[in-house]
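Inside the fold
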Amino acid sequence: MSEHEQEIRHMIDPSVPELTPLETMRHSAAHVMADAIKRLWPDAKLAFGPHTEDGFYYDIAMEHRLGPEDFERIEAEMAKITAAKHPFVREEISRNAAVELFEEEGERFKVEAIAAIPEDAVLTLYRSGDFVDLCRGPHVEHTGKIKAFKIMSIAGAYWRGDENGPMLQRVYGTAFPDRKALKQYLQMLEEAKKRDHRKVGKELGLFTFDPIAPASPFFTGKGATVYNLLQAYVRKLYVRYGYEEIITPQIFDMELFHTSGHYEHYKDNMFICDIDEREFGVKPMNCPGHCILYRHSRRSYRELPLRFADFGRLHRYERAGVTHGLTRVRTFCQDDAHIFCTPEQVEQEIAGVTKMILECYRTFGFEELEIEISTRPESYLGELETWDRAEAALKSALEGQGLDYVINEGDGAFYGPKIDFQVRDALRRSWQLGTIQLDFQLPERFGLEFVDQEDGRGRPVMVHRAMLGSLERFFGVYLEHVAGKFPTWLAPVQVSILPIADRHHAWAEEVAAALRARGIRVEVDLRSEKLGQKIRGATLQRVPIMLVLGDKEVEARAVAPRSRDGKTGAQETLEAFVNRLAEEASIPA
RNA sequence: GCUGGCGUAGCUCAAUUGGUAGAGCUCCUGAUUUGUAAUCAGGUGGUUGCGGGUUCGAGUCCCAUCGCCAGCUCCA
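Bear in mind the structure is a predicted one, so any value in this text is a computation, not a measurement.

How each quantity is defined
Residues numbered from 1 in each chain as written. Chains lettered and ligands numbered in written order. Predicted model: local features only at pLDDT ≥ 70, side-chain atom pairs only at ≥ 80, totals over all residues. Heavy atoms only, no water. Patch = residues over 30% accessible without salt bridge, like charges linked within 9 Å, V, L, I, M, F, W, Y side chains within 5 Å. Areas by Shrake-Rupley, 256 points an atom, 1.4 Å probe, with all protein chains shown as cover. Salt bridge = Lys/Arg side-chain N within 4 Å of Asp/Glu carboxyl O. Lys, Arg positive; Asp, Glu negative; His and termini not counted. Charge placed at Lys NZ, Arg CZ, Asp CG, Glu CD. Helix = DSSP H or I, 4+ residues; strand = E, 2+ residues; numbered from the N terminus. Buried < 20%, exposed > 50% of the residue type's maximum accessible area, 1.4 Å probe, protein only. Pairing = 2+ DSSP bridges. Contact = heavy atoms within 4.5 Å. Axes fitted to C-alpha atoms, helices over the stretch in contact; angles between N-to-C directions. Near = heavy atom within 4 Å. Polar contact = N/O pair within 3.5 Å; in protein donor to acceptor, adjacent residues only side chain to side chain. Nonpolar A, V, L, I, M, F, W, Y, C, P; charged D, E, K, R; others polar. Phe/Tyr/Trp six-rings, centres within 6.5 Å; stacked < 30°, edge-to-face > 60°. Domains from an automatic or database assignment. Left-handed = near helix turned anticlockwise from the far one by under 90°. Right-handed = clockwise from strand over helix to strand, strands pointing away.

Attention now goes to a negative patch on the surface. Together, E100, E103, E104 and E105 make up a region of like negative charge exposed at the surface. As for its placement among the helices and strands, E105 is situated in helix α4 (residues 95-105). E105 gets classed as partly exposed once you look at its relative accessible area, which sits at 38%.

Structure (C-alpha cells):
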C-alpha cells in the first residue's frame, strides 16, 4: 500500500488503529509546519501531511523552492505558533461545505482528496488558530504541546504517488516529547551516517564501485573473504539442516521464462540478449532452473522433501535511481533454496526453515525479530482450499515454536502465501532479511510430479526461502549493524602483528607463519614506524587482535595481545595464544 | 524512470566577481629503531567524469551525456 493510500485510509477508515500519543503529536506538528509555511509563503497549497516512522512530512505546492536556508525561518514561525498554544478544534463538516471551503482557499489538492473519500464517510476539519485542515485527527490539545521539533529535509514527491502527476515539495520534519529525545534522535542519525556501509566499506577496503558497471560491486580480497565466510557459514547450516547445494546455469533460452511466467511479469527487469538467433535471458531468480533440475529425473515420494540450495549469481535490471550501495544492486546472489515437498510436509518444512533462520540471526547478533505472514491476495491462482490449508500450516509452524507474528491480510504473492522475517539492527532500524514463500504455481507450470505410495502422481509444493536474502544486501546491513567491527571469525584480517623494531621482524614472521598454519588470517606490519602509528593503523582497520612484539616477547617466545577496543592483555606464549584463539577465529558450528 | 543536488589526485577536501589547479592522508625514497591511537625530510600523482558550446581566457557560465547522492515511484 502506498503512503498515499495509507493516508486516505487514515482519514476515513475508523478501523485504522488509533495513533499513538507520539504519532498524534507528530501529526499535529505537521499541521503547525504547514501553518508556518503558509504564513511565510501565502501561495502554498497543501496536499497531505501524515506522520512517519520517525517524524512527519507535508507535501506542498508553491512557487518558492524551499532549501535548507529556509528551515530556520520555518522553525522560528512554528515556534511562534506553538508558543501561542492554539487549541486544535475538531469540526464535522458536510461534503459540500468542505468542497466550498477549500475551493475558496484555492486548496485544489484538498478538493481532490475529498472526491477520493467514500460517500458515506464523515468529513472532519481541524482548526488551530487561523489554520484549518481537512483531517481525521486526532490531535494534541493545543499547539503548545509540541515541544521539540526540527525541519529535517526537503525532497520531491508526486501528488498521489503518481509519477505522471504534479511534483510537490515534501518537507520532512520530526518532533519529540522533549529536547533530550530529539537530541538523542539526531545523535542516532549521526551514528548511522558514520556507519553507512558505503563509507565503512571504502575505509576498510572491502568493496568499490565503478561507472563501467553501474550498481554492481567489486569486492576486494578483504571483502571477498568476508563474503565467502558468510557463504561458508550458511553451508555449514545446510549440512545440519539437510540441504543439497546445486549449481545451475546463468543464462537460459527465454522459453524457460515463458514457462515460469517471468517473461510476462518480470521481463522489464531482465538482461536479455540474442545469440544464434535465439533469445536468451540472464536469470533474475533461481527457481525456474531448479524446476528443470527437479524434473530431470522421476521423483519418488521417498525422495521428498528435496532441498535444493543455490548461491547462483542473479542479475536484475533495477531502474536507474533505485539502486543503493550494496543494499540494492544489479548483480548479487542469495542464500537461496527451494524445497520440493508434499502438501503434508509443508508445515514441518516451514518449522525447519524457521528454526534455521532463527539460529542464523542469533549468530549474527540480531536479537530483535518481527515476523509477518502475508495471506491470499484478491487475485490469486490455485484452489481456495489449498490456500487455506497452506496459510494454516504457516501459522501453526510459527505457533509451534512459540513465535509471535502479525498478519498482512491480502499481501501475499499471487502464487502463494509467505512469511517475512525482519530484524532490527544496533540502531533499531528495521531490515527485511529472510522470507519463506509457498508456491503452488511453478510446480503447475513446469508439470512437476512425484510418484506416491500407490503409484499415483502427486504435485509437489515448492517453498522458496532465503535467510540472509541477498548476500550483498546482508553484507551492507551487517556492516552497519557492527559498525565495521566484524567478529573475529568474519574479520578479513584477524590478527595484526606489530613488531616494535627491525630486530623483532624475524620473530614476527615466525609468529605469522605459526598462525597461518592454523588457518588464521594474519598481517604483519613491517613498516619503519613507531608502535603507536602501527596500533592506530590496525585499530582504524578494526582488526580484532593486535600482537605487539618487542625484546621481551622475542626473549620469551611470546606475544603481547591488544584488542581493537584498546584492552591490552597479559603476555602469553605463542602456543597458548594460538590455542586460545583457534575457536574464536573459526566459523561457528 | 521522475524531481532536485553533486562529480577537482587512490581517499578527504581547497581554488576571489571567469584569469597559471592546491593541501592533508595514501603511495614511493631516505633518515630514524621506536613498548600500546599519528617521527622527520624529500618525491610521485590531475586533459577538473566524458563530449560539445560561449569567451581573449572555463574547475567556475550554457547544452548534452554518464555516474553518484536525497526523496518519490518501483522491488510480480
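The next point concerns the sheet that holds strand β27 (residues 545-549). Spatial strand order, β26-β25-β27-β28-β29: five strands in an open sheet with mixed pairing. Here the strands that pair on one side only, and so sit at the sheet edges, are β26 (522-524) and β29 (572-573). Where strand β28 (residues 558-563) lies against β29, two bridges are found, and the strand directions are antiparallel. Bridge pairing in β29 places V559 opposite E572. On top of the sheet, helix α17 (residues 531-540) reaches β25 (495-499), β27 and β28; it is set at about 170 degrees to β25, its chief contact.

Pairing within the open sheet is antiparallel, and its three strands lie in the order β12-β14-β13. The open sheet terminates on both sides in strands that have one partner only, identified here as β12 (251-253) and β13 (272-275). Geometrically, the sheet is characterised by an average inter-axis angle of 35 degrees between neighbouring strands, direction not taken into account. Relative to strand β14 (residues 278-282), β12 is paired through three bridges, and the arrangement is antiparallel. Paired with D253 across the two strands is F280, which belongs to β14.

The environment of RNA strand B is formed by 48 residues, the closest being Y158, A320, S528, R536 and R562. Looking at RNA strand B alone, sugar and phosphate atoms form 45% of those within 4 Å of the protein. H262 is positioned such that a nitrogen or oxygen atom in its side chain is 2.6 Å from a base nitrogen of RNA strand B. In this structure, a base oxygen belonging to RNA strand B sits 3.4 Å away from a main-chain N or O atom of G321. Contributions of two or more residues to the surface near RNA strand B are made by β7 (148-158), β8 (167-176), α7 (197-203), α10 (262-266), α17, α18 (551-556) and β28. Of the residues forming the surface near RNA strand B, the biggest block, seven residues, is contributed by α17. Taken together, the residues of the surface near RNA strand B sort by class into 19 nonpolar, 13 polar and 16 charged.

Quick look at the pattern of salt bridges now. Evaluation of the coordinates by the stated rule reveals 32 salt bridges. Across the pair R299 and E303 runs a salt bridge, and its minimum N-O distance is 3.0 Å. Among the ionic pairs, D551 bridges to R503, the shortest N-O distance being 2.9 Å. Separated by 48 residues along the polypeptide, D551 in helix α18 and R503 in the loop between β25 and α16 (505-517) bring together distant segments of the chain. A network of salt bridges, in which partner residues are shared, links D35, R39, E77 and K80.

Now for the pairing of strand β15 (residues 306-310). Of all five residues that make up β15, five are buried, and the element is covered over most of its length. Burial of the side chains of β15 extends over both faces: L306, F308 and D310 are buried on one face and R307 and A309 on the other. Alignment of strand β11 (residues 244-245) against β15, held across two bridges, turns out to be parallel. Residue pairing for β15: E245 is matched across the bridge by A309.

Summed over all chains, the structure comprises 26 aromatic pairs. Relative to Y478, the ring of F364 has its centre 5.2 Å away and its plane inclined at 75 degrees; by these criteria the two rings are edge-to-face. Of this pair, F364 sits in the loop between α12 (346-363) and β18 (369-374) while Y478 sits in helix α15 (residues 471-481); the two residues are 114 residues apart in sequence, bridging distant segments of the chain. When sorted by exposure, F364 lands in the same class as Y478, which is buried. Centre to centre, the rings of F366 and F474 are 6.1 Å apart; their planes meet at 70 degrees, and the pair counts as edge-to-face. One end of the pair, F366, is in the loop between α12 and β18; the other, F474, is in helix α15, with 108 residues separating them in the sequence.

Attention shifts here to the domain arrangement of chain A. Its domain assignment divides chain A into domain 1 (3-195), domain 2 (201-481) and domain 3 (495-584). Using C-alpha coordinates to define each centre, domain 1 is positioned 58 Å away from domain 3.

Contact geometry for helix α8 (residues 221-240) and α12: axes closest at 11 Å, N-to-C directions at 150 degrees. In this structure, α8 meets α12 at a crossing whose hand is right-handed. Contact residues: α8 offers Y233, L237, Y238 and R240, while α12 offers M356, E359, C360 and T363. A per-class count over the contact of α8 with α12 returns five nonpolar, one polar and two charged.

Here the focus is the side chain of D310. Following the sequence through the fold, D310 ends up in strand β15. An unpaired buried charge is present at D310: no salt bridge exists, and K283, the closest side chain of opposite charge, is 4.3 Å distant. Side chain to side chain, D310 and T248 meet in a polar contact 2.7 Å long. Those residues within four positions of D310 in sequence are excluded, and the remaining contacts are I246, T248, K283, N286, H290, Q334 and D336.

Moving on to the pairing of β18. In this sheet, strand β20 (residues 418-424) lies alongside β18 in antiparallel orientation, the contact comprising six bridges. From the neighbouring strand, E372 faces β20, where its bridge partner is D420. As paired strands, β18 and strand β19 (residues 406-408) are joined by three bridges and run parallel to one another. Bridge pairing in β19 places I373 opposite I407. What joins β18 to β19 is helix α13 (residues 384-399), and the crossover it makes is right-handed.

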